[in-house]
Amino acid sequence: MEKMEKLLYDASLEGDVTLLLTLLQEDPLILDKVTVNRCDDMPLHVASILGHVDFVNEIVRRKPKLATESDSQRRLPLHIAASKGHLEIVKVLVSAHPETCLARDRDGRNPLHLAAVKGRYEVVKELLQAQPHAARAMVQQETILHLCVKHNQLEVLKLLVEKMGDYEFVNSKDADGNTILHLAVADKQIETVSFLLLDTPIEVNTSNANGDTPMSLLAQGPRDMKDQQILRSLTRAGVAGAKTEGFFSQFPQNQRTKTGLDGLKHYKKPSSSASILKKDSKNRDDWLDKKRNTLMVVASLIATMAFQAGTNPPSGVWQETSTAEPPHVAGYAVMAYNHQTLHHIFLVSNTLGFVSTLSIILLLISGLPFLRHRVFVWILMVIMWIATASMTITYYVSITVLTPKPEAETFRLVANGILIVWIGLMTLLVGGHTVRIMTIADKRQRATVS
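Residues numbered from 1 in each chain as written. Predicted model: local features only at pLDDT ≥ 70, side-chain atom pairs only at ≥ 80, totals over all residues. Heavy atoms only, no water.

Side note on the packing of aromatic side chains
Right, so step 1: Summed over all chains, the structure comprises 2 aromatic pairs.
Right, so step 2: Ring geometry for phenylalanine 307 against phenylalanine 354: centres 6.4 Å apart, planes inclined by 40°, an arrangement best described as tilted. Here phenylalanine 354 lies in helix α19 (residues 340-365) and phenylalanine 307 lies in helix α17 (residues 272-311), a separation of 47 residues in the sequence.
Right, so step 3: The class of phenylalanine 354 is partly exposed, set by a relative accessible area of 25%.
Right, so step 4: Ring geometry for tryptophan 318 versus tyrosine 337: centroids 5.9 Å apart, planes at 80°, classification edge-to-face. With tryptophan 318 in the loop between α17 and α18 (335-338) and tyrosine 337 in helix α18, the pair connects residues that are 19 residues apart, well separated along the chain. (Phe/Tyr/Trp six-rings, centres within 6.5 Å; stacked < 30°, edge-to-face > 60°. Helix = DSSP H or I, 4+ residues; strand = E, 2+ residues; numbered from the N terminus. Buried < 20%, exposed > 50% of the residue type's maximum accessible area, 1.4 Å probe, protein only.)

Details of helix α3 (residues 30-37)
Right, so step 1: Looking at α3, one finds that the buried residues are Ile30, Leu31, Val34 and Thr35. Along the long axis of α3, the arc covered by the buried residues comes to 135°, so they all point the same way. Those residues of α3 that are exposed and aimed more than 90 degrees away from the buried face are Val36 and Asn37.
Right, so step 2: In the core, the buried residues of α3 are packed alongside α1 (2-14), α2 (17-26), α4 (43-50) and α5 (53-62). (Arc of directions from axis to C-beta. Contact = heavy atoms within 4.5 Å.)

Digging into unusual backbone geometry
Right, so step 1: Positive phi values are uncommon outside glycine, yet glutamine 140 reaches one of about 50°.
Right, so step 2: Within the secondary structure layout, glutamine 140 lies in the loop between α9 (121-130) and α10 (144-150).
Right, so step 3: By relative accessible area, glutamine 140 is classed as exposed at 67%.
Right, so step 4: Here lysine 188, not a glycine, exhibits a phi torsion of approximately 55°, which is positive.
Right, so step 5: Among the structural elements, lysine 188 can be located in the loop between α13 (180-186) and α14 (190-199).
Right, so step 6: Judged by relative accessible area, which is 15%, lysine 188 ranks as buried.

Here we look at the UniProt feature "repeat: ANK" (unreviewed entry) in the chain
Right, so step 1: Mapped onto this numbering, the UniProt entry annotates "repeat: ANK" (unreviewed entry) at residues 73-95, 107-129, 140-172 and 176-209.
Right, so step 2: Secondary structure content for residues 73-95 is 74% helix and 0% strand, while the C-alpha to C-alpha distance between its ends is 23 Å.
Right, so step 3: Segment residues 107-129 splits into 74% helix and 0% strand. End C-alpha atoms: 24 Å apart. (UniProt positions renumbered as here; feature names shortened; annotations may be inferred.)

See below:
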């Protein structure tokens, strides 16, 4: 038996399919016996390391269950093939057992993690197509995007962001509260920083567990030309309180510590000026997050009100069909017969309010990076103004229809005044906010130019 196992091991080293078939003819259980007797150097693992596609294919075809056998490191053949970048072997193993894409080794990494760390672009693409959920598996509270940045695998990072780059995934934090932008800035990966700021919904002002934003991390350690390029990229992305000229002078040399990925956990706190900058950034993040949550609640409430008003109009619907004056059909709105003009106004304003609030909800859940730019908040405010103004008109029409004629005249005069004053105040509010946004943008442009 030991001689046959030695021959099988030699066959796996050479990828000798002919010898494999000969050994299987002599002992059909040889593959199973070797798997039982050994934890490492199993034929399928060895062939996966060396890239012997035909050998792997023959074993998987005869014994597909062997693709789920792990070695002493809890690595499956797919872990090894993915790490080595053997695409054809990966395809064979995945087709036999797609669920192995989710299997974890002793370090908690699945085959997709290992392929990403090694920069195996085509293998990553294949595994993503087979099991997209494997990309969301965490490794010691790090995402696969963190691993890509730590090992400087930009092309794989771009692929993962393209396929899986929603807002929450891109802005995930590791155990120390660092986003992938924190890691890229700390390691001074210029191309990675540029890609994250231009092509992903990454948050530029998020603080890690130590209270530091990517901008404050940039201020740690000695200066070089990379810092200037990264600083310009962060400034263009709208980092809170960024000033290109004289920014680094806020941080005394004796308070700078080592940077890079190894220094993120051990640097000293910046000076008071930097603390103020971080506090302002954190306050701005909190304010925008609260505004988003508030908009979502209000938009959902208005959408519900508009839907109810549309399906249950004021004065209700006719309960029976009649040819008497006015002739009507059961199920149609009473207001459509008795107040045609007001009914048209009601339908238009109610529909406008309903569609506006649905637009707000869609924007909030779409993952757009509006928290980085005040202009997106301004757009949401304008849409909300349209929704609230529409619902105000809807309310006015509803009450007018439900009020008897003598009282309706007095009510109309009072309501008209209130309605005009209220919409006017809301218009001034939106206009003032628009001017404020333009002023801030102009100041930032001048600061960038200077």
